[in-house]
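Next come the chains, spelled out residue by residue.
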Amino acid sequence: MKFSKWFCIIISFLFSLCSSLCAQSPPSSKITNELINALSRVELSGVEEDEIGDEKLKHKAYGPLQIRKPCLDDVNKMCGTNFKPEDCIGNLELSIWVFHRYMEKWATKKRIGREPTDEDRVRIWNGGPNGWKRESTLEHWKKVVRELDKEKELAKTKKVVSK
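Residues numbered from 1 in each chain as written. Predicted model: local features only at pLDDT ≥ 70, side-chain atom pairs only at ≥ 80, totals over all residues. Heavy atoms only, no water.

Asks: Give me the lowdown on the pattern of salt bridges, citing residues and values where you can.
Replies: Inspection of the entire model under this criterion finds eleven salt bridges. A salt bridge links Arg-101 to Glu-104; the shortest N-O distance between them is 2.8 Å. Here Glu-104 and Arg-101 lie together in helix H4 (residues 92–106), a separation of three residues that amounts to about one turn. With its nearest N and O atoms 3.1 Å apart, the salt bridge here joins Glu-119 to Arg-123. Of the two residues, Glu-119 and Arg-123 are both situated in helix H6 (residues 118–127); the distance of four residues between them amounts to about one turn of the helix. Connected through shared salt-bridge partners, Arg-41, Glu-147, Lys-150 and Glu-151 make up one network. (Salt bridge = Lys/Arg side-chain N within 4 Å of Asp/Glu carboxyl O. Helix = DSSP H or I, 4+ residues; strand = E, 2+ residues; numbered from the N terminus.)

Asks: Tell me about the environment of Asn-91, and please be specific about residues and values.
Replies: With respect to the helices, strands and loops of the structure, Asn-91 is situated in the loop between helix H3 (69–79) and H4. You can call Asn-91 partly exposed: its relative accessible area is 28%. As for Asn-91 and Leu-65, which are separated by 26 residues in sequence, their C-alpha atoms are 9.5 Å apart. (Buried < 20%, exposed > 50% of the residue type's maximum accessible area, 1.4 Å probe, protein only.)

Asks: Let's hear about the packing of aromatic side chains: which residues, and what values?
Replies: In the structure shown here, the tally under the stated rule is four aromatic pairs. Both rings, one in Phe-83 and one in Trp-97, keep their centres 5.7 Å apart while their planes meet at 65 degrees; by these two values the pair is edge-to-face. On the criterion of sequence distance, the pair formed by Phe-83 in the loop between H3 and H4 and Trp-97 in helix H4 is long-range, its members being 14 residues apart. The class of Trp-97 is buried, set by a relative accessible area of 17%. Centre to centre, the rings of Phe-99 and Trp-125 are 4.9 Å apart; their planes meet at 70 degrees, and the pair counts as edge-to-face. Residue Phe-99 is found in helix H4, and its partner Trp-125 is found in helix H6; the two are separated by 26 residues along the sequence. As far as burial versus exposure is concerned, Phe-99 and Trp-125 are alike and both buried. Put simply, the rings of Phe-99, Tyr-102, Trp-106 and Trp-125 touch in pairs and so form one group of aromatic residues. (Phe/Tyr/Trp six-rings, centres within 6.5 Å; stacked < 30°, edge-to-face > 60°.)

Asks: Can you tell me about H3, naming the residues and giving the values?
Replies: Those residues of H3 that sit buried are Cys-71, Leu-72, Asp-74, Val-75, Asn-76 and Cys-79. Following H3 by one or two positions, Gly-80 has its phi on the positive side, about 70 degrees.

Asks: Hey, could you go over unusual backbone geometry for me, with residue numbers and the actual values?
Replies: The phi torsion at Gln-66 lies on the positive side, around 50 degrees, for a residue other than glycine. Mapped onto the elements, Gln-66 comes out in the loop between strand E2 (61–62) and H3. Assessed through its relative accessible area of 8%, Gln-66 is described here as buried.

Asks: An account of H4 is needed here, citing residue identities and associated values.
Replies: Between the first and last C-alpha of H4 there are 21 Å, a value that for 15 residues agrees with the 21 Å anticipated at 1.5 Å per step. Within the sequence span of H4, burial applies to Leu-94, Ser-95, Trp-97, Val-98, Phe-99, His-100, Arg-101, Tyr-102, Met-103 and Trp-106. (Expected span 1.5 Å × (residues − 1).)

Written as structure tokens, this is what we have:
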């Protein structure tokens, strides 16, 4: 009886420790704000930040990064949280946090066999854990690249104007 009581206490402590570390872990420094901004613009194409996207699909998409339930289920399981997809509506901070946690789980050197790139991250975000190797995610990546290029052009224009 004592063994099971202490075992439960230790497991509970470890679970709460892991959950708090996950909740407090800083975003990956390899993911840039430019990537998040470009991805958000592509994800929100034709949808407002506080609207629900892909309403005809089984899992609707919510918030600025169009987060679906399977993605949030992975993050909730990993972090010991209990977010619902609807919590992401209009919540950029939560959406970015979910993105970072999802990337920490699926866009890793160990899974991919090399250091993940922005392309890998975007394709995983679009196509799930194995999206980085699915041909169906290439077009989404190309859209994000176009947005990144627009951002670079705008930055160049701003530099020229300020000189």
